[in-house]
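A structural walkthrough
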There are 2 protein chains.
Amino acid sequence: MTLETISTNTAFGGVQGVYKHRSASTGTDMTFAVYVPPHEQGTKLPVVWYLSGLTCTHANVTDKGEYRRACAELGLIFVAPDTSPRGEDVPDDAESAYDFGLGAGFYVDATEEPFAQHYRMRTYIEEELPELIAAHFPVDKSRQGIMGHSMGGHGALTISLRNPGQFKSTSAFAPIVSPLNCPWGHKALGGYLGPDQSAWVEYDACALIASGARLPDLLIDQGEADNFLTEQLKTHLLTEACETADQTATIRMQLGYDHSYYFISTFMADHLGWHAERLKA
Amino acid sequence: MTLETISTNTAFGGVQGVYKHRSASTGTDMTFAVYVPPHEQGTKLPVVWYLSGLTCTHANVTDKGEYRRACAELGLIFVAPDTSPRGEDVPDDAESAYDFGLGAGFYVDATEEPFAQHYRMRTYIEEELPELIAAHFPVDKSRQGIMGHSMGGHGALTISLRNPGQFKSTSAFAPIVSPLNCPWGHKALGGYLGPDQSAWVEYDACALIASGARLPDLLIDQGEADNFLTEQLKTHLLTEACETADQTATIRMQLGYDHSYYFISTFMADHLGWHAERLKA
């Protein structure tokens, strides 16, 4: 588990790093970012995973997420992985569209060809990267939270729901709540998993909750001016699923906010504070 | 003075906008960003000007500067202009280097050909843009502060020193303090103003202070791990100029910090708080 350091920069008293490694899950090089806040030598810190949305790499939230001040104040490590495998031999969407293939791994283990070899972001995020992070950074593995944006919100919710107890806190900005019920989901899960929708269920937050999966708590912020709200994100489906299943959740509609990092950065410190309360309890 | 809105996004309860207009000073279209914090309708707000460094446009600080939370809390308008004229007929550096020409206007009015026609960033920032901003945004013109980074720190210092009383507060991150005494300065001022260094003096913060210009106060942060410190920035020249001239200044060396936006964003809220104290006094 060797790690290549691409860059490190001092920020808010801690270190923002960008790293690269050879992933056994995806069979490609993978790049990710880790912020380690100022801390006493030898202490282990809680960690928050941030999964990014369509078209993003680790760099979008690292540049625009405004998480470092809060992480420094709260003593949180912040990990930002990439959103898909990348490389010359990694197949892309046939039309190079933004919503499938490169930059759009949807946090699944693909079973369909030609994607099954490299598109294994579920195993990468659930198993390989946590081991790597724990080996190289001062992480307390018993105190992990997960959050994400849009496709990454879908990733955070489904990964947390499928792995009870692994994450003490789960939140999302403008998540895709039900791939079974939106065009992005149909294209991605159809492409990676094939037409049998019974295979999609474990990648659908609403379906997972309906089938009994539970989280201790859940925080969602969704912009009311988000262009993707009506056709793709459909927050109301999650609200209904949580109500039906008696899943505790705080789902907030934010007036005037869109789908961008202007929205995410506005509520980032609030989410991190919410995670810290649960990770430090 | 018409203004074209390129984008507006809600952020931290206010509005981050990007705008374009036809500049009479530069003879080109110019793009800039303005953040207006949440405020009561009809009130006029203090404004802080942020001048960017080499290679930047308005977008760098808008993406990475992390100023919006502080501006929202403090009630400050934040204006981020571009760093040079741009367009097909705007001459660039002969070798397209990063330190002259496009992205490197140095906040001067050029007198040398072929730059004299378009490279008029001094007039643009000192005269034209303030009028435009005041006409379109709820700015209290009696309460203006100015700050900048690197080349933009040079811009902020020299513009404030040359226009006593116009800015109640002046600060900089890693400024070029003396173009007369560094390679960037020699290339830029030589290229824009010609070889007679007597014409450079009004674009040199240390020389302006030595010749009697004064500010009510001054705040500087400089990273000790900044790659440009020794050869280009030479903070000690400003320290010496201020001591010699009895100019009040707080000049802080920050251990571990480099020249990047990781450095700027770390100290941005602190600078904005410092400006707000002086703008609201």
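As a starting point, this report considers the structure included with it. (Residues numbered from 1 in each chain as written. Chains lettered and ligands numbered in written order. Predicted model: local features only at pLDDT ≥ 70, side-chain atom pairs only at ≥ 80, totals over all residues. Heavy atoms only, no water.)

It is worth spelling out the overall build of chain A at this point. Scanning chain A from terminus to terminus reveals nine helices and nine strands. Taking the principal axes of the C-alpha coordinates as reference, chain A spans close to 50 × 45 × 35 Å. Put simply, 72% of the contacts in chain A that link residues at least 6 apart link residues at least 24 apart. Each charge sign in chain A was given a centre, from 19 positive and 35 negative side chains, and these centres are 7 Å apart. (Helix = DSSP H or I, 4+ residues; strand = E, 2+ residues; numbered from the N terminus. Contact = heavy atoms within 4.5 Å. Lys, Arg positive; Asp, Glu negative; His and termini not counted. Charge placed at Lys NZ, Arg CZ, Asp CG, Glu CD.)

On to the relation of the copies chain A and chain B. Mapping chain A onto chain B calls for a screw motion: a turn of 180° about the axis and a shift of 0.0 Å along it, with 0.0 Å RMSD after fitting. One copy is carried onto the other by what is essentially a two-fold rotation axis. For chain A, the smallest separation between a C-alpha atom and the rotation axis is recorded for Lys-64 of chain A, amounting to 2.8 Å. In this assembly the copies share their binding face: 100% of the residues contributing to the interface of chain A also contribute to that of chain B. (Least-squares fit on C-alpha atoms with pLDDT ≥ 70 in both.)

On to the interface of chain A and chain B, then. How big an interface is tends to be stated in terms of the accessible area lost upon association of its parts. Across the boundary between the two partners, chain A contributes 21 residues, which contact 21 residues of chain B. Three residues stand out in chain A for area buried against chain B, namely Thr-10, Glu-66 and Tyr-262 of chain A, and they jointly supply 35% of the buried area on that side. Remark: the boundary between chain A and chain B carries two salt bridges. The interface formed by chain A and chain B holds 10 residue pairs in polar contact (both at pLDDT 80 or more) in total. (Buried area = accessible area lost by both parts, 1.4 Å probe. Salt bridge = Lys/Arg side-chain N within 4 Å of Asp/Glu carboxyl O. Polar contact = N/O pair within 3.5 Å; in protein donor to acceptor, adjacent residues only side chain to side chain.)

Moving on to the sheet that holds strand S8 (residues 219–223) of chain A. Neighbouring strands of a sheet are bound in pairs by backbone hydrogen bonds; such pairs are parallel or else antiparallel. All names here are of chain A. Read across the open sheet, the nine strands follow the order S1-S2-S3-S5-S4-S6-S7-S8-S9; overall the sheet is mixed. Pairing within the sheet leaves two strands with one partner each, and these edge strands are strand S1 (4–11) and strand S9 (250–254). Along the sheet, successive strands turn relative to each other by an average axial angle of 20°, direction set aside. The pairing of strand S7 (residues 169–173) with S8 spans three bridges and is parallel. Bridge pairing links Phe-173 to Asp-221 in S8. Set on the sheet, helix H3 (residues 121–136) makes contact with strand S2 (14–22), strand S3 (29–36), strand S4 (45–51), strand S5 (77–81) and strand S6 (139–149); between it and S3 the angle comes to about 50°. (Pairing = 2+ DSSP bridges. Axes fitted to C-alpha atoms, helices over the stretch in contact; angles between N-to-C directions.)

All names here are of chain B. Of the positions making up helix H5 (residues 183–193), those classed as buried are Trp-184, Gly-185, Ala-188, Leu-189, Tyr-192 and Leu-193. Looking straight down H5, one finds that the buried residues subtend no more than 105° of arc, so they occupy a single side. Phi for Gly-194, located one or two positions after H5, is positive at around 90°. (Buried < 20%, exposed > 50% of the residue type's maximum accessible area, 1.4 Å probe, protein only. Arc of directions from axis to C-beta.)

With that out of the way, let us pick up the sheet that holds strand S5 (residues 77–81) of chain B. All names here are of chain B. Across the sheet, which stays open at both edges, the nine strands sit in the order S1-S2-S3-S5-S4-S6-S7-S8-S9 with mixed pairing between neighbours. The open sheet has two edge strands with one neighbour each: strand S1 (4–11) and strand S9 (250–254). Averaged over all pairs of adjacent strands, the angle between their axes in this sheet comes to 20°, without regard to strand direction. As paired strands, strand S6 (residues 139–149) and strand S7 (residues 169–173) are joined by five bridges and run parallel to one another. What sits directly across from Gly-145, in S7, is Ser-169. Contacts from helix H4 (residues 151–162) reach strand S4 (45–51), S6, S7 and strand S8 (219–223), with the element oriented near 140° to S6. Strands S4, S5, S6, S7, S8 and S9 of the sheet are contacted by helix H9 (residues 261–279), whose axis makes an angle of about 170° with S7.

Right, let's talk about the pairing of S1 of chain B for a bit. Here seven bridges tie S1 of chain B to strand S2 (residues 14–22) of chain B, and the two strands are oriented antiparallel to one another. Pairing of Thr-8 of chain B across the sheet is with Gly-17 of chain B, part of S2 of chain B.

The next subject is unusual backbone geometry. All names here are of chain A. Here Glu-113 and Pro-114 are connected by a cis peptide whose omega angle stands at 0°. Position of Pro-114 among the secondary structure elements: in the loop between S5 and H3. Although it is not a glycine, Phe-106 sits at a positive phi angle of roughly 60°. Structurally, Phe-106 can be placed in the loop between S5 and H3.

The next point concerns the packing of aromatic side chains. One pass over the full model with this rule turns up 32 aromatic pairs over all chains. Taking the centre distance of 4.9 Å and the plane angle of 90° together, the rings of Phe-100 of chain A and Phe-115 of chain A count as edge-to-face. Highlighted residues: Phe-100 of chain A in the loop between S5 and H3 and Phe-115 of chain A in the loop between S5 and H3, separated in sequence by 15 residues. One exposure class covers both Phe-100 of chain A and Phe-115 of chain A, and it is buried. Pairing Phe-115 of chain B with Tyr-119 of chain B gives two aromatic rings, centres 5.6 Å apart and planes at 80°, and the pair type is edge-to-face. Take Phe-115 of chain B and Tyr-119 of chain B: they sit in the same class, and that class is buried. (Phe/Tyr/Trp six-rings, centres within 6.5 Å; stacked < 30°, edge-to-face > 60°.)

Turning our eyes to something else, we now look at the environment of Gly-190 of chain B. All names here are of chain B. Tracing the chain through its elements places Gly-190 in helix H5. Judged by its relative accessible area of 24%, Gly-190 falls in the partly exposed class. Considering only alpha carbons, one finds Gly-190 and Ala-134, 56 residues apart in sequence, at a separation of 34 Å. Apart from residues no more than four positions distant in its own chain, Gly-190 is found in contact with Glu-112, Gly-185, Pro-195 and Trp-200.

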